[in-house]
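# Per-entry structural report
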Amino acid sequence: MKEFNYKITDELGVHARPAGLFAKEAAAFPCKITIVKDGKEADAKRIFGIMSLGIKAGQEITLRVEGEKEEEAIAQLSRFLQENL
Amino acid sequence: MILKGKSVFSGIAIGKLSIYKQADNQVKRQKIKDTKQEVQRFLNAKEKAKIQLMELYKKALKEVGEVNAAIFEVHQMMLDDLDYIESVTNMIDSQEVNAEFAVATTGDNFSDMFEAMDDDYMKARAADVKDISNRVITILHGSDTSDILGDEQVILLADDLAPSETVQLDKSKVLSFVTRHGSTNSHTAILARTMNIPALIGVEFLATANGKMGIVDGYKGELIVDPDAAVLAEYQEKKKEEEDKKRLLLELKGKENVTLDGRKINLYANIGGVADVANALSNDAGGIGLFRSEFLYLEAEDYPTEETQFTAYKTVAENMAGKKVIIRTLDIGADKQVDYFNLEKEENPAMGYRAIRICLQQKEIFKTQLRAIYRASFYGTISIMFPMIISIAEVKQIKEIIKEVKEELSKSGIPFKECEIGVMIETPAAVMISDLLAKEVDFFSIGTNDLTQYTLAIDRQNPKLDNIYDSHHEAILRMIKMVVDQGHKENCWVGICGELGADITLTERFLEMGVDELSVSPSMILRVRDCIRKIGLS
């Protein structure tokens, strides 16, 4: 299992579009990918799941990756977070 | 009959009212035997919906730009959401119901979830979920939404309009949008702003309004149904004025601020927050001549962090895309009070502990702001100016602090650019030593409001003295001239950012004096430009 903590800097927070793009990226990996915010978890491959966390600017999230290709997944998805959110 | 609502875009529209009827997507629950085939029917409809959305995305891209078109991309992603698909297919499978019913129920459940979130943006997404569900249902029904508008231009009334509905509308037929629901973040609102037409939300109109004459007053947030002749005439007059203004805007946009004999002057905008930038740009500001940073402090409950400030400054610098942005550092005190500063009550606050005086005594507040500004400088062209200056010693102290800030940033490897440094000229003292100040700084910006108050010794908050508060007083005009002359001797450019800057009865005088820049409220830019272009100095 791999984890990556990230604080959202985008002032709009995790809006629908970035949530969708993120889900798309995540869906390309076979492993289980979860986003955790304040103890609430959501499947990172699902746009509605991510949106339901209501992640706002300045909030801390944890990306949790488990299973096949987790190394690649955490690397690519954490880069996505840093570049887009 | 006058109906109240909330305006999301100002302006006036006069025309026939037309109630938009949503495509009839009544869904009946039916028992299905072959659930496998029904699931396939859903999946096919979903794919077809995605193709439609792709087409809509392309259409919207051309009509309303990428930012507003993005929603159709999002809708495609939503249709691919596994939770959504699983919910529909499970329902068909386990309850043996038709696809239409499963989609409608799922759509309701998901939109309820968004509706319940404590975030206005997410709440508004409930409409998106309903929208994608309706799209799939329409396809399942085998019906297509056709254009509902006739040949006449109308004021469109609706419960709410989904983004796909607004894009499918023939925009040339819509004078204004009025909805019962919707939010200031809703797509109808955004679209109205993009189309530059008035729009209201939260208006409880009656079905009987359909076909009647109506007026939308986007300034007051009112819908007037069936106005009498006098009201109609009044609004026709207002509308004409508005159109004249728009014409002026079109004629003057992109034109130079140049007199008949070729003298140019910079025309910048005064803004009080990030949200004003759009207004500055749409009115063709050449830059931001006064960015009042107070809003960051006034809106907060505690000292705004470096990060918050950085984000605001960076956003403005980026949006102005290389055009000059002059940030005025904290100008709290006097008539602008903030609780957490715990300022003592003063007998004479206008002459008290305020602006740069606070910054130089509570250096940490000042340094936080300067660090944020310098970090943001990397993303555009930022200049910094300091309010309420009365002495050279203050300027030297400021420069010392700036030096510290820059050294700290360099040490941490944080990129920044050099910024032009200027002072506000708003005290008689600053005027009298402007020759000395000019040697220390890159520019002056004359704050005529305070300068008038201090020079004439008139409290500008006292209405009894309004009759002698004369901002055209010869003393003020001479001071401005003096500052321009002293500044120019030392290659210091001189601007005016007070209210006098927008006073078109003085524009010619200022040009004669050699003022280099006028910074005015965004809505005044084109009027001042119009004035400048009619002046011949020689």
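The structure under discussion appears in the preceding block.
Before going into details, it helps to say that this report is about the structure given with it. Bear in mind the structure is a predicted one, so any value in this text is a computation, not a measurement.

When helices and strands are counted, chain A shows 3 helices and 4 strands. Shown N-terminal to C-terminal, the secondary structure of chain A runs as helices and strands in the order β-α-β-β-α-β-α. Radius of gyration (C-alpha) of chain A: 11 Å, near the 12 Å computed for a compact globule of 85 residues. Here chain A holds 85 residues, and the buried ones make up 51% of them. For chain A, the proportion of contacts with a sequence separation of at least 24, taken over those separated by at least 6, is 68%. Of the accessible surface of chain A, which amounts to about 4,100 Å², a share of 45% is contributed by carbon and sulfur atoms. One finds the centroid of the 13 positive side-chain charges in chain A at a distance of 5 Å from the centroid of its 14 negative side-chain charges.

Because an α-helix packs 3.6 residues into every turn, residues spaced three or four apart end up facing the same way. All names here are of chain B. Its 16 residues place the ends of helix H18 (residues 474–489) 23 Å apart at the C-alpha level, agreeing with the 22 Å of an ideal helix rising 1.5 Å per residue. Three or more residues of H18 are buried, namely Ile476, Leu477, Met479, Ile480, Val483, Val484, Gln486 and Gly487. Downstream of H18 by one or two residues, Asn491 has phi in the positive range, about 60°.

With that settled, consider the nonpolar core. Counting 89 residues, the largest nonpolar core has Phe386, Phe444, Ile480 and Phe510 of chain B as its most contacted members. In this structure, Ile480 of chain B is in contact with Ile446, Thr448, Ile496, Leu500, Phe510, Met513 and Val515 of chain B, ignoring residues within four places of it in sequence. Judged by nonpolar contacts, the second largest core, of 82 residues, contains Ala42 and Leu85 of chain A together with Leu156 and Leu169 of chain B.

Turning to the pattern of salt bridges, a few remarks are in order. Tallied over the entire structure, the rule returns 45 salt bridges over all chains. Ionic pairing is found between Arg17 of chain A and Glu73 of chain B, a salt bridge with its closest N-O pair at 2.7 Å. Linking Arg17 of chain A in helix H1 (residues 16–27) with Glu73 of chain B in helix H1 (residues 35–79), this pair reaches from one chain into another. For the salt bridge of Asp244 of chain B with Arg247 of chain B, the shortest nitrogen-to-oxygen distance reads 3.1 Å. Here Asp244 of chain B pairs with Arg247 of chain B, and both are found in helix H8 (residues 229–252), just 3 residues apart, close to one helical turn. For Arg247 of chain B, a relative accessible area of 45% corresponds to the partly exposed category. If you follow the salt bridges from partner to partner, you end up with Glu306, Glu307, Lys367, Arg371, Arg375, Glu404 and Glu408 of chain B in one network.

All names here are of chain B. The 8 strands are arranged E9-E10-E11-E12-E13-E14-E15-E16 in a closed barrel whose pairing can be described as parallel. Across the sheet, the mean angle from the axis of one strand to that of its neighbour is 25°, orientation sign disregarded. Across 4 bridges, strand E12 (residues 381–386) lies against strand E13 (residues 420–425) in parallel orientation. Of the residues in E13, the one forming a bridge with Ser383 is Glu420. The strands touched by helix H20 (residues 525–532) within the sheet are strand E9 (266–271) and strand E16 (517–520), with E9 carrying the most contacts at an inclination of about 160°.

Turning our eyes to something else, we now look at the packing of H1 of chain B against helix H3 (residues 99–115) of chain B. All names here are of chain B. Where H1 contacts H3, the axes come no closer than 9 Å and their chain directions differ by 60°. Between H1 and H3, the crossing angle belongs to the class labelled oblique. Seen along the crossing, H1 lies across H3 with a hand that is right-handed. Residues Glu38, Arg41 and Phe42 of H1 pack against Ala99, Glu100 and Val103 of H3. Grouping the constituent residues of the contact of H1 with H3 by class yields 3 nonpolar, no polar and 3 charged.

Scoring rules and cut-offs
- Residues numbered from 1 in each chain as written.
- Chains lettered and ligands numbered in written order.
- Predicted model: local features only at pLDDT ≥ 70, side-chain atom pairs only at ≥ 80, totals over all residues.
- Heavy atoms only, no water.
- Helix = DSSP H or I, 4+ residues; strand = E, 2+ residues; numbered from the N terminus.
- Rg over C-alpha atoms; globule rule 2.2 N^0.38 Å.
- Buried < 20%, exposed > 50% of the residue type's maximum accessible area, 1.4 Å probe, protein only.
- Contact = heavy atoms within 4.5 Å.
- Areas by Shrake-Rupley, 256 points an atom, 1.4 Å probe, with all protein chains shown as cover.
- Lys, Arg positive; Asp, Glu negative; His and termini not counted.
- Charge placed at Lys NZ, Arg CZ, Asp CG, Glu CD.
- Expected span 1.5 Å × (residues − 1).
- Core = buried A, V, L, I, M, F, W, Y, C linked by side-chain atoms within 4.5 Å.
- Salt bridge = Lys/Arg side-chain N within 4 Å of Asp/Glu carboxyl O.
- Pairing = 2+ DSSP bridges.
- Axes fitted to C-alpha atoms, helices over the stretch in contact; angles between N-to-C directions.
- Parallel < 35°, antiparallel > 145°, perpendicular 65-115°, else oblique.
- Left-handed = near helix turned anticlockwise from the far one by under 90°.
- Nonpolar A, V, L, I, M, F, W, Y, C, P; charged D, E, K, R; others polar.

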